Amino acid sequence: MKWVLFDFGGVICDPPGPREAAALSGLIGVREERFWEVYWQGRLDYDMAAVDAAGFWGGVYTRLGRAAGDAPLDELIALDLKMWSYLNSGTLDILRELERRAVPLALLSNAPLEMARLIDEQPWAAVFSHRFFSADMRRAKPDPAIYQEVCERLGVSPGDVVFVDDRADNVEAATALGISGALFTDAARLRADLEHLMPI
């Protein structure tokens, strides 16, 4: 039976909405559009634990031309985690269905250490036999090496994996290795894709 490998952000949780982004940009004191520009710059290093939270948020402030010491770090981390905490009920339903059918499930997320450990503590995460995080692996999607390592640690070939992600570049990198890909847009589309790739 094939493994189904799920992304977290934008698949299991909803993308951040205007309300959550406004809370962070308001705390920093910058326009929302500008916040997103600086937020994503350097995020991959944070996701891979090349920098810690203080380094990431310090970089955000530096790119805004402000002193890093102005950052209320604990509050920034808490709001960042909350921003990614609104779960997609349709995806959770599919996960439960797959679990009932004894389909082996794993998680692969680009996530900093704080997010990784928070996910590990969530009851819904128990459906995953394995949880892989970029911060622990020190590499991130769409690097082909991260998919190869996941397959090795699962003990399967790429052809035995279905990968679900909301980013086309991540899916394309996986399919280039022989993994079956499902680009997530919503739960209904995912259900149809999984029925095609492996009946549920």
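Structure's up top.
Residues numbered from 1 in each chain as written. Predicted model: local features only at pLDDT ≥ 70, side-chain atom pairs only at ≥ 80, totals over all residues. Heavy atoms only, no water.

Section: helix 11 (residues 187-197)
Among the residues making up helix 11, those that are buried are Ala187, Leu190, Asp193 and Leu194. Projection of helix 11 onto a plane perpendicular to its axis shows the buried side chains occupying an angular sector of 120°, all on one side. In helix 11, the exposed positions that point more than 90 degrees away from the buried face belong to Ala188 and His196. Buried residues in helix 11 make contact with strand 1 (3-6), helix 6 (89-100), strand 4 (161-165) and strand 5 (180-183). (Buried < 20%, exposed > 50% of the residue type's maximum accessible area, 1.4 Å probe, protein only. Helix = DSSP H or I, 4+ residues; strand = E, 2+ residues; numbered from the N terminus. Arc of directions from axis to C-beta. Contact = heavy atoms within 4.5 Å.)

Regarding helix 10 (residues 168-175)
Among the residues of helix 10, Asn170, Val171, Ala173 and Ala174 are the ones counted as buried. One face of helix 10 carries all of its buried residues, which in axial projection span an arc of 160°. Looking at the buried residues of helix 10, the elements they touch are helix 9 (144-154), strand 4 and strand 5.

Some remarks on the environment of Ala106
With respect to the element layout, Ala106 can be found in strand 2 (residues 105-109). Judged by its relative accessible area of 0%, Ala106 falls in the buried class. Sequence-distant contacts of Ala106, that is, excluding residues within four places in its chain, are made with Trp3, Val4, Leu5, Phe6, Phe128, His130, Phe132 and Leu154.

Side note on the pairing of strand 1
Side chains of strand 1 alternate between two faces, with Trp3 and Leu5 and Val4 and Phe6 buried alike. Inspection of the sheet shows strand 1 paired to strand 4 by 4 bridges, in the parallel sense. If you follow Phe6 over to strand 4, its bridge partner there is Val164. Sheet topology places strand 1 next to strand 2; 3 bridges connect them, and they run parallel. Considered in strand 2, the bridge of Phe6 is made with Leu107. (Pairing = 2+ DSSP bridges.)

Concerning the pattern of salt bridges
Per the counting criterion, the structure on display carries 14 salt bridges. With a closest N to O distance of 2.7 Å, Arg131 and Asp120 form a salt bridge. Note that Arg131 is positioned in strand 3 (residues 130-133) and Asp120 in helix 7 (residues 113-120), a separation of 11 residues in sequence. You can call Arg131 partly exposed: its relative accessible area is 30%. A salt bridge links Asp193 to Arg189; the shortest N-O distance between them is 3.1 Å. Here Arg189 and Asp193 lie together in helix 11, a separation of 4 residues that amounts to about one turn. Residue classification places Asp193 among the buried residues on the basis of a relative accessible area of 16%. Here the salt bridges share partners, and the residues they tie into one network are Arg117, Asp120, Arg131 and Asp136. (Salt bridge = Lys/Arg side-chain N within 4 Å of Asp/Glu carboxyl O.)

Considerations on the packing of helix 1 (residues 18-28) against helix 5 (residues 73-83)
At a minimum axis separation of 9 Å, helix 1 and helix 5 run at an interaxial angle of 165°. Here helix 1 is positioned roughly antiparallel relative to helix 5, judged by the angle of their axes. Classified by chirality, the crossing of helix 5 by helix 1 is left-handed. Counting all contacts with helix 1, which are made through Glu20, Ala21, Ala23, Leu24, Leu27 and Ile28, the residues of helix 5 involved are Glu75, Leu76, Leu79, Asp80 and Met83. (Axes fitted to C-alpha atoms, helices over the stretch in contact; angles between N-to-C directions. Parallel < 35°, antiparallel > 145°, perpendicular 65-115°, else oblique. Left-handed = near helix turned anticlockwise from the far one by under 90°.)

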